[in-house]
Amino acid sequence: MNAWMHRRLGLLLLAVALAFGAGAAQAHPHVWITASSELIYAPDGSITGVRHAWTFDDMFSTYALQGLETKTKGVYSREELAPLAQTNVESLKEFGFFTFAKADGKKAKFQEPVDYFLEYKDAALTLHFTLPLITPVRPRQLALEVFDPEFFIDFTYADKDPVRLVGAPAACQMKFQRPSDGAANAQQIGEQNFLSGGNSNFGAMFANKILVDCP
Amino acid sequence: MPRCRLRFGLALCLAAAFVVLTFDSTVHAVMAQTPFGGPRPSGAEPQLGGIVGWLLAKQSEFYRQMSSTIRAAKSDGSAVWTLLAISFAYGIFHAAGPGHGKAVISSYLVANQETARRGIVLSFASALMQSLVAVVIVGICAWLLNATAKTMCSAETVVEIASYALIAAFGARLVWTKGGGFVRALQARQPTPALALAAHPHHDHAHGHDHSHAPFDPLHSHAQEAAHHAPADRPDRHGHDHGQEHGQEQGQEQGHVHDEHCGHCHGPVPSELGGAGGWRRGFSAIFAVGVRPCSGAILVLVFALAQGLFWAGVAATFVMGLGTAITVAAIAVVAVSAKDLARRLSGASEGGGTLVMRGIEFGAAGLVLLFGLGLLFGYVAAERVTCF
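Residues numbered from 1 in each chain as written. Chains lettered and ligands numbered in written order. Predicted model: local features only at pLDDT ≥ 70, side-chain atom pairs only at ≥ 80, totals over all residues.

> Tell me about the overall build of chain B, and name the residues and values.
Of the regular secondary structure elements, chain B holds 17 helices and zero strands. Residues counted as buried form 45% of the 388 residues belonging to chain B. Of all intrachain contacts in chain B linking residues separated by at least 6 positions in sequence, the fraction that spans at least 24 positions is 81%. (Helix = DSSP H or I, 4+ residues; strand = E, 2+ residues; numbered from the N terminus. Buried ≥ 20, exposed ≤ 12 C-beta atoms within 10 Å, placed from the backbone. Contact = placed C-beta atoms within 7 Å.)

> So, the overall build of chain A: which residues are in play, and what are the values?
Of the regular secondary structure elements, chain A holds four helices and 11 strands. By the burial criterion, 38% of the 215 residues in chain A qualify as buried. The long-range fraction of contacts in chain A, counting pairs at least 24 apart against all pairs at least 6 apart in sequence, stands at 72%.

> Describe the packing of helix α2 (residues 58–65) of chain A against helix α15 (residues 295–306) of chain B, and please don't skip the residues or the numbers.
Two packed helices can be described by the angle between their axes and the distance between those axes. It is the contact of α2(A) with α15(B), at a shortest axis distance of 9 Å, that shows an interaxial angle of 75°. Between α2(A) and α15(B), the angle is such that the two are roughly perpendicular. In contact with Met59(A), Phe60(A), Thr62(A) and Tyr63(A) of α2(A), α15(B) contributes Leu299(B), Val302(B), Phe303(B) and Ala306(B). Looking at the contact of α2(A) with α15(B), its residues break down into seven nonpolar, one polar and no charged. (Axes fitted to C-alpha atoms, helices over the stretch in contact; angles between N-to-C directions. Parallel < 35°, antiparallel > 145°, perpendicular 65-115°, else oblique. Nonpolar A, V, L, I, M, F, W, Y, C, P; charged D, E, K, R; others polar.)

> Quick rundown of the confidence of the model for chain B? Include the residues and the values.
Residue and element names in this part refer to chain B. Per-residue confidence for chain B gives a mean pLDDT of 66, with 56% of residues at or over 70. When mean pLDDT is compared element by element in chain B, α15 scores highest at 89, while helix α12 (residues 253–265) scores lowest at 34. Below a pLDDT of 50 lies the segment residues 1–49, which in the model reaches 43 contacts outside its immediate sequence neighbourhood of four places, other chains included. Predicted confidence is poor over residues 192–276, with pLDDT under 50, and the contacts of this stretch with residues over four places away or in other chains come to 75 contacts. This complex was scored by the predictor with a pTM of 0.65 and an ipTM of 0.73. (pLDDT = per-residue confidence, 0-100.)

> Can you explain the nonpolar core? Please cite residues and give values.
All names here are of chain B. Counting 120 residues, the largest nonpolar core has Val 138, Ile 167, Leu 301, Val 302 and Val 368 as the members making the most contacts within it. The element best represented in this core is helix α16 (residues 310–347), accounting for 14 residues. Ignoring anything within four residues of it in the chain, the contact list for Val 138 reads Trp 143, Ile 298, Leu 301, Val 302 and Leu 305. (Core = buried A, V, L, I, M, F, W, Y, C linked by C-beta atoms within 7 Å.)

> How would you summarise unusual backbone geometry if you had to cite specific residues and measurements?
Residue and element names in this part refer to chain A. In this structure, Phe 97 is a non-glycine residue whose phi angle is positive, near 55°. Locating Phe 97 in the fold gives a position in the loop between α3 (82–93) and β3 (99–103). Positive phi is not limited to glycine here, since Phe 98 has a value of about 55°.

> With reference to specific residues and values, describe the pairing of strand β2 (residues 47–56) of chain A.
All names here are of chain A. Counting buried positions along β2 yields seven of 10 residues, so the element is predominantly enclosed. Relative to β2, strand β1 (residues 31–41) is paired through nine bridges, and the arrangement is antiparallel. Bridge pairing in β2 places Glu 38 opposite Arg 51. Bridge count for β2 against strand β6 (residues 124–137) is eight bridges, and the pairing is antiparallel. If you follow Val 50 over to β6, its bridge partner there is Leu 131. (Pairing = 2+ DSSP bridges.)

> Please give an account of helix α3 (residues 79–94) of chain B that cites residues and values.
With 16 residues, α3(B) should cover 22 Å at 1.5 Å per step; its first-to-last C-alpha distance of 21 Å lies within 8% of that length. Looking at α3(B), one finds that the buried residues are Leu83(B), Ile86(B), Ser87(B), Tyr90(B), Gly91(B), Ile92(B), Phe93(B) and His94(B). (Expected span 1.5 Å × (residues − 1).)

> Account for the sheet that holds strand β10 (residues 173–177) of chain A, naming residues and giving values.
Strand pairing in a sheet is mediated by backbone hydrogen bonds. Such pairs are either parallel or antiparallel. Residue and element names in this part refer to chain A. Pairing is antiparallel in the open sheet, where five strands are placed in the order β4-β3-β7-β11-β10. Each of the sheet's edge strands pairs with one partner strand only, and the pair in question is β4 (106–108) and β10. The sheet shows a mean angle of 20° between the axes of neighbouring strands, direction not considered. Pairing of β10 with strand β11 (residues 208–213) involves five bridges; the strand directions are antiparallel. Paired with Lys 175 across the strands is Leu 211, a residue of β11.

> Before we move on, could you go through the environment of Val319(B) and cite the residues and values that matter?
Residue and element names in this part refer to chain B. Inspection of the secondary structure puts Val 319 in helix α16. Along the backbone, Val 319 and Ile 86 are 233 residues apart, and their C-alpha atoms lie at a distance of 9.2 Å. When sequence neighbours within four positions are dropped, the list of residues in contact with Val 319 reads Leu 84, Ser 87, Phe 88 and Gly 91.

> Pulling in residues and values, what's your account of the pairing of strand β8 (residues 153–157) of chain A?
All names here are of chain A. Within β8, four of the five residues are buried, which leaves it mostly tucked inside the rest of the structure. Bridge count for β1 against β8 is five bridges, and the pairing is parallel. What sits directly across from Ile 33, in β8, is Phe 155.

> Requested: an account of the packing of helix α5 (residues 116–144) of chain B against α15(B), with residues and values cited.
Residues and elements named next belong to chain B. Taken N-terminus to C-terminus, the directions of α5 and α15 make an angle of 40°; their axes are 9 Å apart at the nearest point. Between α5 and α15, the angle is such that the two are oblique. Note that α5 runs across α15; the crossing there is right-handed. Contact residues: α5 offers Ser 131, Ala 134, Val 135, Ile 137, Val 138, Ala 142 and Trp 143, while α15 offers Ala 297, Ile 298, Leu 301, Val 302 and Leu 305. Grouping the amino acids of the contact of α5 with α15 by side-chain chemistry returns 11 nonpolar, one polar and no charged. (Left-handed = near helix turned anticlockwise from the far one by under 90°.)

> I'd like a description of the confidence of the model for chain A, backed by residues and values.
Note that predicted coordinates carrying low pLDDT should not be read in detail. Looking at chain A as a whole, its pLDDT mean stands at 80, while 75% of the residues score no less than 70. Throughout residues 20–26 of chain A the model reports pLDDT below 50, and contacts reaching past four residues in sequence, or to other chains, amount to 21 contacts.

> Can you explain the environment of Arg358(B)? Please cite residues and give values.
Tracing the chain through its elements places Arg358(B) in helix α17 (residues 352–376). Through-space distance from the C-alpha of Arg358(B) to that of Arg184(B) is 9.1 Å; in sequence the pair is 174 residues apart.

Dropping the structure here:
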């Protein structure tokens, strides 16, 4: 192997890296979720968990309901949807429920979800579930991000009441930051991802960020 | 000869387009981060964006329009035409994303010295198969058996794993055969430094050498068994025949170069397509890639079925596949042209050319194997199966 061969090899590797990077950059969602979340506080002012309500787009809702037997056609009761809700939370576990929390910069972990159920309204399914923290935290700053690292799912927070604090100390201040509108966003990934190459944290550019400061 | 020029020009154009694409995004990345050292104010984001970003926005837009169009088609039959148009556009944009066999098909073409024409046929066949598999899965599971999404997703997962395992196995076979070629080229290269040195001052002498080596060169027999490979494998040999005939008239280097190129460009296309079990190998590639359906197509089909318009979903799926095929074929042609370009460049340095070409083929074969394994064990991003 002389220097010339090395150069060839380098070019080949570059091409491979580009191929991988480009592939990741062009991942795009197949499922859209309109979300709203609540941060739940204990009386002592510590955060105990997060309660989500995720409404799926009509295409995915229809897909999820495929083959489900109901008493009345087109009407799905909470009981009839219970097995599906079970499947949902079990499958979401693999993805960490797309919910990532940091208390004062330290990762805070969640337990298995509780109080989960599905609701069907206006041709759309809404999944309700609560993620309790393994240990309640009382940080000066809590950062919560909701997104799909692979961007197969697009998380958009509801226009009205996207995030609420339930029982938080009066001094706490919440800031909610959406990923900017679709076009501007998409533009960013194209650019950043070509540089970073990797796809592991690709969807982070679509993260919805919730910051709560409690002095 | 004009065709050669055209082909060469095309390859250059494609290469240039690729460079521009990459450059464009890089420039944007740099601009976005450092206007004056600080971050750009987010409000002033202009609309002119990276091409990739635009593609991404477009395909999401098309996809989201599909459900509303299918709903509209229930009452208004003409909406089906809109649905087909959207599906076609979506297919074109969507295939740029992960999966859909672009990487595998392109690597396979490069590894096997395939023609652009065969690349196009393979791309269309695999896209057609993807559509067919999606229709069959939804048709059997959802329509005939009324299975739940959970069952359907298990079926999809099984098919997916089978597809990745097949790609890996296919890659392993390619590595095995191409590895042999590479090793032989390495061995053949051992005496070439002296030969290459001798080549320039005494051109005829170099040919004589080459020729006398040929019977002992395993590569030679390889080139013979696949007749269409010959001009590409040993351009110098091919040039040699012509060189003998026209040697007196045009003993210049230039004459040689053109001979090689035209030999390749005007290669016997029909026999190329039929050559050496090529189609059989090609179809195993199609099968490995095409057996895994696209998640988007499955969702559209189930949605159409629920709206009582399964046939519209089926039509949309096939039109989507057509769009996908166009993109995959374009990428495959770029890959094949890039290899042609590499062959031309490396051909300039006599003996080294064969080794480089064998090396590229071996590398491409390795890529197919890596893709298969990576997909199988989840290291390579693929389109997720909708399972939750």
